[in-house]
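Chain by chain, the residues run as shown.
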Amino acid sequence: MSFLRLDNVFKTFGEVVAVDHVSLEAERGEFVVFVGPSGCGKSTLLRMIAGLEEVSGGRIEIDGRDMTDVAPAERQVSMVFQSYALFPHMTVRDNIGFGLKMSRMPRSEIEPRVLEAARILQIEELLDRKPRQLSGGQRQRVAIGRAIIRKPKLFLFDEPLSNLDADLRTQMRVEIARLHEKLGVTMVYVTHDQTEAMTLADRIVVMRAGRVEQIGSPVDLYEAPANSFVAGFIGSPKMNFVPVTVTAAEDRSLTLDHPALPSGHVTLATRRPHAIKTGEMITLGIRPEHLTLDGPRAVSLNVAAELVENLGGTSQIYVRTERGESLAIVAPGRQHIAKGERLSVGVEPAHAYLFDREGRAI
Ligand code: ATP
């Protein structure tokens, strides 16, 4: 039986459909990440699970119990927000213990739980400080401590690392992964950062305009995106997209025309059944890390170099086809390529993705 179950949940704010009939399930102990661009409805969905936002329709079940209309305090969930929402006049100790104090737990029982949370988060030496005496990362740890101490059945995180600088984000991301492993509690995490989604999630839910585009493990989404939106959202740098013309369509393969192809055309196997016809424009998708400058290649493209960024261990090379499409390439080491230099870049067919006019993977 699934631990968290959303059944056709939707939410409207007046005319705006923020969440559009979302159904999904999470297993006990699973780490689920909702990811998508700003305004896609991920925070609203999380807030409905927490009970901070009423549903306009649908059903929310946690651990076998219908929670759709249950008050937030009774759902046994803890939420960590982007704004740490700490009380500035209270010490770290009192901030962490505040929720339990409000629930009238005796001080003698609160104290060991505060210490345990502080130990897990390695902030024991900060217990007597006030929030203003803490760094951003330390403040977020206190906010997480306040969530842990309640021993919830479900943790909800709403972009918890967005206010931190890049280094601290990476560090806290690792700590959240450790925390999940240690506590084994089900976690639902909202972010617009695909790296956080890829590294933290057991399963990722990709959202767009209130709807779920695809649910799957990070590897599933990377290797078999359902459509060009997911393909473009998951993976960094973004997948390259090149419009191509279909000159021959078979059940299991398509012949594609593009002037950058040395012979003008190439035939690729399709992954799914399709109804593509000769003459249609479709999209070829290739990830920057799958475009190579040398070595074996079944598909080549003639391009001209525009810009090389040497990042130390790797280089990013931006090239352009004669038709003007810009492509990014990630190559190992330092690449000495002059602006305007003509290159032949290649890709193996297993790494070439095709999308129909509606963006569906084929
Ligand atoms: P972000 O990453 O920017 O936080 P999000 O994916 O979390 O975005 P939501 O905050 O869930 O998106 O918002 C989804 C949609 O609902 C947006 O169009 C937003 O403008 C709208 N919305 C959210 N809250 C309200 C509200 N209280 N009243 C009216 N519209 C709202």
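Every value quoted in this text rests on a predicted model; they were computed, and no experiment measured them.

### Some remarks on the pattern of salt bridges
Summed over all chains, the structure comprises 19 salt bridges. Between Glu61 and Arg59 there is a salt bridge whose closest N-O contact spans 2.6 Å. Given a relative accessible area of 11%, Glu61 falls into the buried group.

### Focus: the sheet that holds strand E2 (residues 16–26)
Across the sheet, which stays open at both edges, the four strands sit in the order E2-E1-E4-E5 with antiparallel pairing between neighbours. Two strands bound the open sheet, and with one partner strand each, they are E2 and strand E5 (65–66). By the bridge criterion, seven bridges tie strand E1 (residues 4–13) to E2 in an arrangement that is antiparallel. Bridge pairing links Thr12 to Val17 in E2.

### Some thoughts on helix H4 (residues 136–148)
The end-to-end C-alpha separation of H4 is 18 Å, in line with the 18 Å expected for 13 residues at 1.5 Å each. Of all the 13 residues making up H4, 10 are buried; the element is thus mostly covered by neighbouring parts of the structure. Turning to H4, its buried residues are Gly137, Gln140, Arg141, Val142, Ala143, Ile144, Gly145, Arg146, Ala147 and Ile148.

### Quick word on the environment of Glu348
Here Glu348 lies in the loop between strand E18 (342–347) and strand E19 (352–355). Each C-alpha atom of the pair Glu348 and Ser300 lies 9.0 Å from the other, and the pair is 48 residues apart in sequence. Within the structure, the side chain of Glu348 is placed 3.4 Å from the backbone nitrogen of Ala298, a separation counted as a polar contact.

### Here's the deal with the site of the ligand
As a structural note, the neighbourhood of the ligand is formed by Phe13, Val16, Ala18, Pro37, Ser38, Gly39, Cys40, Gly41, Lys42, Ser43, Thr44 and Glu159. Between the ligand and Thr44 there is a distance of 2.5 Å, counted from an oxygen atom to a side-chain nitrogen or oxygen. When contributions to the shell around the ligand are tallied by element, the ones reaching two or more residues are E2 and helix H1 (42–50). The greatest single-element share of the shell around the ligand, amounting to three residues, is contributed by H1. Grouping the amino acids of the shell around the ligand by side-chain chemistry returns five nonpolar, five polar and two charged.

### A short note on the sheet that holds strand E17 (residues 326–332)
Consider a sheet: its strands pair through backbone hydrogen bonds, and that pairing is either parallel or antiparallel. If you trace the four strands from one edge of the open sheet to the other, you get E17-E16-E15-E18, paired in antiparallel fashion. In the strand order of this sheet, the two ends are held by E17 and E18, each with one partner. Here the average twist between neighbouring strands, direction ignored, is 50°. By the bridge criterion, seven bridges tie strand E16 (residues 314–320) to E17 in an arrangement that is antiparallel. Across the sheet, residue Arg320 finds its bridge partner in E17, namely Ser326.

### A look at the pairing of strand E4 (residues 57–62)
Across five bridges, E1 lies against E4 in antiparallel orientation. Across the sheet, residue Phe10 finds its bridge partner in E4, namely Gly57.

### Some thoughts on the nonpolar core
If you look at the biggest cluster of nonpolar residues, it comprises 47 residues, and the most contacted ones within it are Ile96 and Ile144. Tallying contributions element by element places helix H3 (residues 107–121) first for this core, with six residues. Look past the residues within four positions of Ile144 in its chain and what remains in contact with it is Val80, Leu121, Phe157, Met172, Ile176 and Leu179. In terms of nonpolar packing, the next biggest core, distinct from the first, is built from 30 residues, Leu284, Leu327, Ala331 and Leu354 among them.

What counts and what doesn't
Residues numbered from 1 in each chain as written. Predicted model: local features only at pLDDT ≥ 70, side-chain atom pairs only at ≥ 80, totals over all residues. Heavy atoms only, no water. Salt bridge = Lys/Arg side-chain N within 4 Å of Asp/Glu carboxyl O. Buried < 20%, exposed > 50% of the residue type's maximum accessible area, 1.4 Å probe, protein only. Pairing = 2+ DSSP bridges. Helix = DSSP H or I, 4+ residues; strand = E, 2+ residues; numbered from the N terminus. Expected span 1.5 Å × (residues − 1). Polar contact = N/O pair within 3.5 Å; in protein donor to acceptor, adjacent residues only side chain to side chain. Near = heavy atom within 4 Å. Nonpolar A, V, L, I, M, F, W, Y, C, P; charged D, E, K, R; others polar. Axes fitted to C-alpha atoms, helices over the stretch in contact; angles between N-to-C directions. Core = buried A, V, L, I, M, F, W, Y, C linked by side-chain atoms within 4.5 Å. Contact = heavy atoms within 4.5 Å.

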